[in-house]
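# Observations on the three-dimensional arrangement
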Amino acid sequence: MSHKENTTGRLRLVADGVSHGFDGDSVLEDVSLTVDPGDVLAIVGPSGTGKTTLLRLLALFSRPDDGRVALAEGESVDTVSTELTPDHVADARTNGHGDVGARTNGGGGDGDARDAWSLSDDERLRLRRRIGLVAQDRSLFSASVGYNAAYGLGVRRSRAARLRSSLRRTVGRWSPPAAALSALETVGMAEMVDKHADSLSSGEAQRVGVARALAVDPDVLLLDEPTSNLDPRNTAVIEDAMREAKARGIGVALATHDMDQARRVADKTAVVLGGTCIEYGPTERVFESPRDDRARQFVAGELVY
Amino acid sequence: MISAFGDLNLNYLVSVTFVSLYVSTVAVAISTLISLPVSIGVAFGNFPGKRLLTTVINTGMGFPSVVVGLVVLLTLSNAGPLGELQLLFTPQAMIISQTILATPVVLSVSISAVESVGGDLRDAAFAAGGTNTDVGLLVLREARYGIVTAVLAGYGRAISEVGSVLIVGGNIVYPPEQTSFTRTLTTAVTVEARRGNYETGLALGAVLLVLVLVVNALGGRIRDGGRA
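Residues numbered from 1 in each chain as written. Chains lettered and ligands numbered in written order. Predicted model: local features only at pLDDT ≥ 70, side-chain atom pairs only at ≥ 80, totals over all residues. Heavy atoms only, no water.

### Re the overall build of chain B
Within chain B, the secondary structure is distributed over eleven helices and two strands. Sequence-ordered secondary structure for chain B, helices as α and strands as β, is α-α-α-α-α-α-α-α-α-β-β-α-α. Long-range pairs, those at least 24 residues apart, make up 75% of the contacts in chain B with a sequence separation of at least 6. Here chain B has roughly 10900 Å² of accessible surface; of this, 69% comes from carbon and sulfur atoms. (Helix = DSSP H or I, 4+ residues; strand = E, 2+ residues; numbered from the N terminus. Contact = heavy atoms within 4.5 Å. Areas by Shrake-Rupley, 256 points an atom, 1.4 Å probe, with all protein chains shown as cover.)

### Concerning the confidence of the model for chain A
Interpretation of this model should avoid reading the predicted coordinates in detail wherever pLDDT is low. For chain A, the mean per-residue pLDDT works out to 86, and 85% of the residues sit at or above 70. Considering only residues more than four positions removed or in separate chains, one finds that residues 78-111 of chain A, a stretch of pLDDT under 50, has 55 contacts. (pLDDT = per-residue confidence, 0-100.)

### Observations regarding the interface of chain B and chain A
Between chain B and chain A, the contact holds 19 residues from the first and 23 residues from the second. Taking both partners together, chain B and chain A bury about 1700 Å²; carbon and sulfur atoms supply 51% of that area. For the pair chain B and chain A, the number of links is three salt bridges. Inspection of the chain B/chain A interface yields nine residue pairs in polar contact (both at pLDDT 80 or more). Within the residue set of the side of chain B that touches chain A, elements represented by two or more residues are α6 (119-127), α7 (132-142) and α8 (144-159) of chain B. If one sorts the elements of the side of chain B that touches chain A by residue count, α6(B) sits on top with seven residues. Residues belonging to the side of chain B that touches chain A are distributed by class as follows: nine nonpolar, three polar and seven charged. (Buried area = accessible area lost by both parts, 1.4 Å probe. Salt bridge = Lys/Arg side-chain N within 4 Å of Asp/Glu carboxyl O. Polar contact = N/O pair within 3.5 Å; in protein donor to acceptor, adjacent residues only side chain to side chain. Nonpolar A, V, L, I, M, F, W, Y, C, P; charged D, E, K, R; others polar.)

### As for the nonpolar core
Among soluble globular proteins, nonpolar side chains are generally buried collectively. Ranked by size, the top nonpolar core spans 54 residues in total, and within it A:L13, A:L33, A:L58 and A:L222 carry the most contacts. Among the elements that line this core, the one with the most residues is α6(B), at five residues. Mapped onto the domain boundaries, this core takes at least three residues apiece from domain 1 (1-130 + 221-231 + 249-305) and domain 2 (138-217) of chain A. Once you skip the residues sitting within four places of it in the chain, A:L58 turns out to touch A:L13, A:A15, A:L33, A:V69, A:I131 and A:L222. Counting residues in each nonpolar core, the second largest holds 49 residues, with A:V145, A:A150, A:W174 and A:V193 among its members. (Core = buried A, V, L, I, M, F, W, Y, C linked by side-chain atoms within 4.5 Å. Buried < 20%, exposed > 50% of the residue type's maximum accessible area, 1.4 Å probe, protein only. Domains from an automatic or database assignment.)

### Let's talk about the pairing of strand β2 (residues 25-35) of chain A
Residues and elements named next belong to chain A. Judged from the seven bridges that link them, strand β1 (residues 12-22) and β2 form a sheet pairing that is antiparallel. Looking at β2, one finds that G21 is bridged to S26. Counting the residues that bridge the hairpin from β1 to β2 gives two residues, and of these D23 lies at a positive phi of roughly 50 degrees. (Pairing = 2+ DSSP bridges.)

### Some thoughts on the environment of A:D224
Residues and elements named next belong to chain A. Here D224 lies in strand β6 (residues 220-224). Its relative accessible area of 5% is what places D224 among the buried residues. The spatial distance from the C-alpha of D224 to the C-alpha of A135 is 5.2 Å, given a sequence separation of 89 residues. Not counting the four nearest positions on each side in its chain, D224 is found in contact with T52, L55, V134, A135, Q136 and A255. A polar side-chain atom of D224 sits 2.8 Å from a polar atom in the side chain of T52.

### Some thoughts on the environment of B:E192
All names here are of chain B. For E192, the position within the fold is in helix α10 (residues 185-195). Exposure remark for E192: the relative accessible area of 4% places this residue in the buried category. Each C-alpha atom of the pair E192 and L202 lies 8.9 Å from the other, and the pair is ten residues apart in sequence. Contact partners of E192, with chain neighbours within four places excluded, come to Y12, N197, Y198, T200, G201 and L204.

### Examining the pattern of salt bridges
Residue and element names in this part refer to chain A. Enumeration according to the criterion identifies 20 salt bridges over all chains in this entry. For the salt bridge of R10 with D217, the shortest nitrogen-to-oxygen distance reads 3.0 Å. Taken together, the residues span a long stretch of sequence, with R10 in the segment before β1 and D217 in the loop between α8 (202-214) and β6 at a distance of 207 residues. The residue D240 makes a salt bridge to R243 at a minimum N-O spacing of 2.9 Å. Taken together, the residues D240 and R243, both in helix α9 (residues 232-247) and three residues apart, mark about one turn of the helix. Salt bridges linked by common partners bring R10, R130, D217, D219 and R248 together as one network.

### Some remarks on the side chain of A:R10
All names here are of chain A. Under the relative-accessibility criterion, R10 is labelled buried at 10%. There is a polar contact of 3.0 Å between the side chain of R10 and the backbone oxygen of P218. A distance of 3.0 Å separates a polar side-chain atom of R10 from the backbone oxygen of R248. In this structure, R10 is in contact with P37, A72, E73, D217, P218, D219, R248, G249 and I250, ignoring residues within four places of it in sequence.

### Observations regarding the sheet that holds strand β5 (residues 131-134) of chain A
Residues and elements named next belong to chain A. A sheet is described by the order of its strands in space; here six strands give the open sequence β5-β6-β7-β3-β8-β9, paired in mixed fashion. With one partner strand each, in any of the chains shown, β5 and β9 (276-282) form the two edges of the open sheet. Between one strand axis and the next, the sheet turns through 15 degrees on average, direction left out of account. Bridge count between β6 and strand β7 (residues 251-256): five bridges; the pairing is parallel. By the bridge assignment, L221 is partnered in β7 with V252. (Axes fitted to C-alpha atoms, helices over the stretch in contact; angles between N-to-C directions.)

What follows is the structure, given as structure tokens:
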């Protein structure tokens, strides 16, 4: 299962009792899960069930209506036991709430986790920069592959360094930093570094999107149905990139409606249906002996709406 | 043509051209600096009165330049609120009126360019760790072709405009060399036309056309160069 050699210093991402809605319509209700370092979590569920909303909340795009999203150091309770019980969730909840305002660093050093939305904007930006999100749809900037892969590195640099980079690009003397190239290498796109992003196929574009997120060496990589429109070869490349990320100690959360993919790559699986997480545990357990009846039907490929 | 130019003092031609270029370039530069951040705010902001503001900006594209000139004249005249600045009948006054005329054009075209940048790209910039400023800069970068078009449209409005610069600039040339102080190519044409020097007027018009052509060619190069 989980290999934990390279997870030192990596943060885990915790969602705790997260609820969210739009214009009064509830989309997510009381979802709790953890993305552990060096672990792949599959979030499975039919389209329109709130997976994208959940990932956006995990990526700290917006504040959940209720519950908390936090990044914390240290092993999570549920990886140690590999089984999640309601007690652990309750533990996490009391820890988090009791801690609000008590510390100034983002995330505790001893396994507790402060609500990212109780932090200052700067602290939250620092946490946000430990998380990479790859959207489902093509979202490359109208520029070279190299520019796209280096974008996240660029925004983390000083104003002066960025100005130098754009001057270099203007006179054609810019080349992407090594981290961007090696991320492109991971998804097999290093040779296309000078190509314009608009000329890529959807599979290639998605791979560059993954490289853009990986280049900054995030602690958590969130992938929103990254292979839903891709052919088997591109799918395999992206799944390999997930394994590579996992091997580097990055925690990966993958929203997918492809059950086989979840079984192939995920250590843990959460089944989200109608905005609630009805099943959450080790992938094998979730698929072999789901406790919830609708989860059993869903992973068996039956329609549950 | 050659005889038409022959009537013109070279110093006169050069100084008139320079005033035209100087006033319009500074005015459009100011318009652009105002328009870029405002276009981001208007395109992506959600605030009451947004529709009204957009309507006002679009109406501004059709501001009659003589009316703008008159309002600037009254504002800058000795009895006006900004009379103390003593700017009336200076190139600065012309810059003010041309900025007022060019800004709605630059702004309006910029807003549509910025609005056309998809939310998915803004999200991607944010997800890659960008701050709101980074996202704004990325959007401007994505909208760069449209923004160059906006700047060119604003420049076209400014450099070809005659009504307001005539009113607030005063169409002044200094003797003995006929050096322009506030005379532009457009106001020079009106002078020649009134004198019946149609050939000279046409020659000045030709210079103006060439200038506009060169500016647009440069803009086109910038736009296409960014495509690489």
